[in-house]
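The lines below spell out each chain.
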Amino acid sequence: MEQQLIPHLFRTEYRKLASVLCKHFGIEHIEVAEDIAAETFLAALESWPYKGIPPNPVAWLHAVAKNKARNYQHKSQTYLLKVAPNIKRDLDGIVPELDLSEQNITDSQLQMLFALCHPSISMESQIGLSLRILCGFGIEEIANGFLTSKDVINKRLFRAKEKLREVGVAVEMPDEAAITQRLEPVLTTLYLVFNEGYYSESSNTIIREDFCLAAMQLVKLLLDNDRTNLPEVNALYALMCFHASRFKARKGQNGEMILYADQDESLWDIELISQGAYYLNKASSGSKLSKYHLEASIAYWHTKKEDTQDKWESILQLYNKLLMIAYSPIAALNRTYALSKVRGVALAIVEAEKLQLTDNHFYHLLLAELYWLTNRNQALAHLKTALPLVKTRLERQLVMKKIQLLSLTN
């Protein structure tokens, strides 16, 4: 059981421990915070298989983290000379123990989000550090997300930490102007974390729900704070709720991927759809229209399974607006599917082929779908082109199944 529990707790508790530790020691000692948090889980790996899982695993982790922080404070000359003088003391001049109260855990995570999204470092570095510290992503996972090497990511994160030390960034809530400045990279980070869980190119699992849950919990921290409970934050949470509502329907009993058109609507989570609608309605206040508003609205229409003209016309218009304010090749590609539903397959094929995303397997899979009923040879050719570009085993199985089906009926 500990083989499943410890990875789960790592995803839910690592960011809490790392945030509190970093706030305690200061961001200039971020590696100390990371090391103690990681060593806490290593201690669980070494102890629990032999001594059994403790009655309260989270409390056990907190106790170990406190002990390790206390030992570091007592033994480390670096701590005594450089860190301890900067830590706030109580009225008797005593350095307090690590505060793992629920309120401080909540505050520390939110403060760390904004500390890591400081403008002194690049957005890529902000996202990379947040993925590493607040979400427990491995270096290889981050490298896959950025489509680069582990060496590049290690160097990038090292330089970012050095810059944060140099600037002397504090782990605290920034003022109103800084919140406005840093909110977009914070939301971008959480958006990418959710996407990595919802569809991962670095894993052979269709959905990593704990990644999605981590992102949703961090967005909820923003919503629970009056200073960050803003329309675009509500829109992002609505988007996540709509996508999360289809988790159970997206994979079969053997873990295989099930595409939207083939999903069992009865498996959709009605409560999450309702939550999404609630937060999308809350996002409608104010005059700012963000990409999250538009993507959440598109996701809302996808919670209505029936193919209606109103549905696809609405989705097409939303994609048109999205491409105007936040163009991306994938959004343009997705638009062509909505276009096929509204104005026919022939025009959609023309528009899709204009994009020339020949190195992207989604491009070939969409064209195969569009050609399916009109030109099966072309559909088969695109599926065969997509196959070597697919990165996950389960998605490769899906493509091979489609190739076999077309080959038999062709």
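Before any of the text, the structure's been laid out above.
Along each chain, residue indices are assigned from 1 in the same order as the chain's sequence is written. Two thresholds apply to this predicted model, a pLDDT of at least 70 for residue-level local features and 80 or more for giving and counting side-chain atom pairs, whereas whole-chain, interface and lining totals are computed over all residues. In computing side-chain properties, one takes all heavy atoms of the structure into account and sets aside hydrogens as well as water.

## Considerations on the packing of helix α9 (residues 176-198) against helix α13 (residues 291-301)
At a minimum axis separation of 12 Å, α9 and α13 run at an interaxial angle of 30 degrees. Judged by the inter-axis angle, α9 sits roughly parallel to α13. Contacts between α9 and α13 involve Glu184, Leu187, Thr188 and Tyr191 on the former and, on the latter, Lys291, Tyr292 and Glu295. Grouping the constituent residues of the contact of α9 with α13 by class yields three nonpolar, one polar and three charged. The axes are straight lines fitted to the C-alpha atoms, using for helices just the contacting stretch, and the angles between their N-to-C directions are given from 0 to 180°. For helices the rule is a DSSP run of H or I covering at least 4 residues; for strands it is a run of E covering at least 2, with both sets numbered from the N terminus onward. When an angle is under 35 degrees it counts as roughly parallel; over 145 it counts as roughly antiparallel; between 65 and 115 it counts as roughly perpendicular; any other value is oblique. Residues count as neighbours in contact if any of their non-hydrogen atoms are within 4.5 Å of one another. Asp, Glu, Lys and Arg are counted as charged, while Ala, Val, Leu, Ile, Met, Phe, Trp, Tyr, Cys and Pro are counted as nonpolar; the rest, among them Gly, fall into the polar class.

## A closer look at the packing of aromatic side chains
Note on aromatic contacts: the rings of Phe and Tyr and the six-membered ring of Trp form a pair at centre separations within 6.5 Å, being stacked when their planes are under 30 degrees apart, edge-to-face when over 60 apart, and tilted otherwise. Enumeration over the complete set of coordinates arrives at 14 aromatic pairs. Both rings, one in Tyr278 and one in Tyr279, keep their centres 5.0 Å apart while their planes meet at 85 degrees; by these two values the pair is edge-to-face. Among the aromatic residues, ring-to-ring pairing joins Phe10, Tyr14 and Phe41 into one connected group. The ring of Trp268 has Arg246 sitting right over it, with the charged end atom 6.0 Å from the ring centre. Any Lys NZ or Arg CZ found within 6 Å of a ring centre and within 35 degrees of that ring's normal is scored as a charge over the ring.

## Some details on helix α8 (residues 150-167)
With 18 residues, α8 extends 26 Å from end C-alpha to end C-alpha; this agrees with the ideal 26 Å at 1.5 Å per step. Remark: Gly168 follows α8 within two positions and exhibits a positive phi of approximately 75 degrees. By this rule the span expected of a helix is its residue count minus one, scaled by 1.5 Å.

## A look at the pattern of salt bridges
By definition here, a salt bridge exists when the distance from a side-chain nitrogen of Lys or Arg to a carboxyl oxygen of Asp or Glu is within 4 Å. Applying the stated criterion across every chain yields a total of 14 salt bridges. The residue Glu34 makes a salt bridge to Lys161 at a minimum N-O spacing of 2.6 Å. Here Glu34 is found in helix α2 (residues 30-51), whereas its partner Lys161 is found in helix α8, with 127 residues between them in sequence. Judged on exposure class, the residue Glu34 and its partner Lys161 are both buried. One salt-bridge network, in which partners are shared between bridges, spans Glu31, Glu162 and Arg165. Relative accessibility thresholds used throughout: buried, under 20% of the residue-type maximum; exposed, over 50%; partly exposed, between the two (1.4 Å probe, protein chains only).

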